[in-house]
Each structure stands twice: as structure tokens, then as C-alpha cells.
Amino acid sequence: QVQLVESGGGLVQPGGSLRLSCAASGITFSPSIIMGWYRQAPGKQRDLVATITTTGNTNYADSVKGRFTISRENDRKAVYLQMNSLAPEDTAVYYCNLRGRIINYWGQGTQVTVSS
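The rules we used
Residues numbered from 1 in each chain as written. Predicted model: local features only at pLDDT ≥ 70, side-chain atom pairs only at ≥ 80, totals over all residues. Heavy atoms only, no water. Core = buried A, V, L, I, M, F, W, Y, C linked by side-chain atoms within 4.5 Å. Buried < 20%, exposed > 50% of the residue type's maximum accessible area, 1.4 Å probe, protein only. Helix = DSSP H or I, 4+ residues; strand = E, 2+ residues; numbered from the N terminus. Contact = heavy atoms within 4.5 Å. Salt bridge = Lys/Arg side-chain N within 4 Å of Asp/Glu carboxyl O. Phe/Tyr/Trp six-rings, centres within 6.5 Å; stacked < 30°, edge-to-face > 60°. Lys NZ or Arg CZ within 6 Å of the ring centre and 35° of its normal.

J.: Describe the nonpolar core, listing the residues and the values that go with them.
T.: Residues Trp37, Leu81, Met83 and Tyr94 are the most contacted members of the largest nonpolar core, which totals 30 residues. Breaking this core down by element, the ones donating at least two residues are strand S3 (18-25), strand S4 (34-40), strand S5 (47-52), strand S7 (68-73), strand S8 (78-83), strand S9 (92-99) and strand S11 (110-114). In this structure Leu81 touches Leu18, Arg19, Leu20, Trp37, Val49, Ala50, Phe68, Thr69, Ile70 and Tyr94, once residues within four positions along its chain are discounted.

J.: Describe the pattern of salt bridges, with residues and values.
T.: Scanning the entire structure with this criterion turns up four salt bridges. Linking Lys65 and Asp62 is a salt bridge whose minimum nitrogen-to-oxygen distance equals 3.1 Å. Classification of Asp62 as exposed rests on a relative accessible area of 63%. Between Asp90 and Arg67 there is a salt bridge, and its shortest N-O distance comes to 2.8 Å. In this pair, Asp90 sits in the loop between S8 and S9 while Arg67 sits in the loop between strand S6 (58-60) and S7, placing the two residues 23 residues apart along the sequence. The burial state of Asp90 is the same as that of Arg67; both residues are buried. Through salt bridges that share partners, Arg39, Arg67 and Asp90 make up one connected network.

J.: Please provide a residue-by-residue account of the packing of aromatic side chains, values included.
T.: To describe a pair of aromatic rings, one takes the distance between the centres and the angle between the planes. In total, this model carries two aromatic pairs according to the counting rule given. A centroid spacing of 5.1 Å and a plane angle of 70° characterise the contact between Tyr38 and Trp106, whose relative ring orientation is edge-to-face. Linking Tyr38 in strand S4 with Trp106 in strand S10 (residues 104-106), this pair joins segments that are 68 residues apart in sequence. A residue is classified by how much of its surface remains accessible, and Tyr38, at 15% relative accessible area, is buried. Taking the centre distance of 6.5 Å and the plane angle of 90° together, the rings of Tyr95 and Trp106 count as edge-to-face. Of the two residues, Tyr95 sits in strand S9 while Trp106 sits in strand S10, which places them 11 residues apart along the sequence. Ring pairing ties together the aromatic residues Tyr38, Tyr95 and Trp106, which thus form one cluster. Above the face of the Tyr80 ring, Arg19 is positioned so that its terminal group lies 4.2 Å from the ring centre. Stacked on the ring of Tyr95, the Lys or Arg Arg46 has its end atom at 3.6 Å from the ring centre.

Worth remembering: the numbers are spatial, not functional.
Structure below.
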């Protein structure tokens with residue numbers, strides 16, 4: 001059974017930083033697997049934040065470019081999201097995602113709240 005377990009969310013002041021982590025289990029990685037982060041604010045749809053391929057190619061939403069950095073450790077089946085210069089509009093539930101050619105898994109989500 002595939003599981004994605006996220007950690008690292010919380011409350012932070014505007015301008016602050018947080019690092020999210022996601023660990024996958026129950027799956028054998030293949031070169032086609034892409035890992036990423038999505039977020040969903042109250043009353044809004046779930047949107048892409050960033051993705052990263054097995055070879056390290058990254059893709060970011062325009063709203064987080066220059067502030068967020070995604071990384072992964074294939075041997076640990078883990079993906080990370082370093083979030084800097086956080087703003088109130090970054091407040092959302094952040095979901096870890098793992099997908100391949102025929103698979104698509106989600107974590108349970110971790111709350112990130114940016115508020116003074």
C-alpha cells in the first residue's frame with residue numbers, strides 16, 4: 001500500500017520560512033515518477049505549487065518562483081519544499097503528490113498558515 005506522509009506545516013509570520021517534507025513508502029521508484037506539491041486554500045481549487053522529476057527537472061507556479069524550492073532524495077523516496085518569504089496568500093493545505101504513467105497518489109495534507 002502506497003503512503004505519502006507529509007510534515008513541516010504550521011503557523012509562521014509573513015516573511016518567514018517553512019520546510020515541508022514528504023516521505024513515500026510502499027512503492028518502487030522508476031524513472032517516470034514525478035513528485036510534487038499542490039495547495040488548496042479555503043473555497044478554492046487545488047493548484048500546482050511545484051514538481052520535480054527523478055532527474056531533478058523542476059517546474060514552479062509563477063506565484064512561488066524565486067521564493068520556494070523543491071528538492072528530492074530518490075534513495076529516501078522523499079520530496080521537500082523550502083518556502084521562504086511567505087505571505088498570507090500562501091496560506092493553504094499543502095498536499096504531496098506522487099505520479100507515474102498509471103499511478104497518482106496524494107498525501108493527507110499539511111496546513112500552512114501565514115499570519116501575524
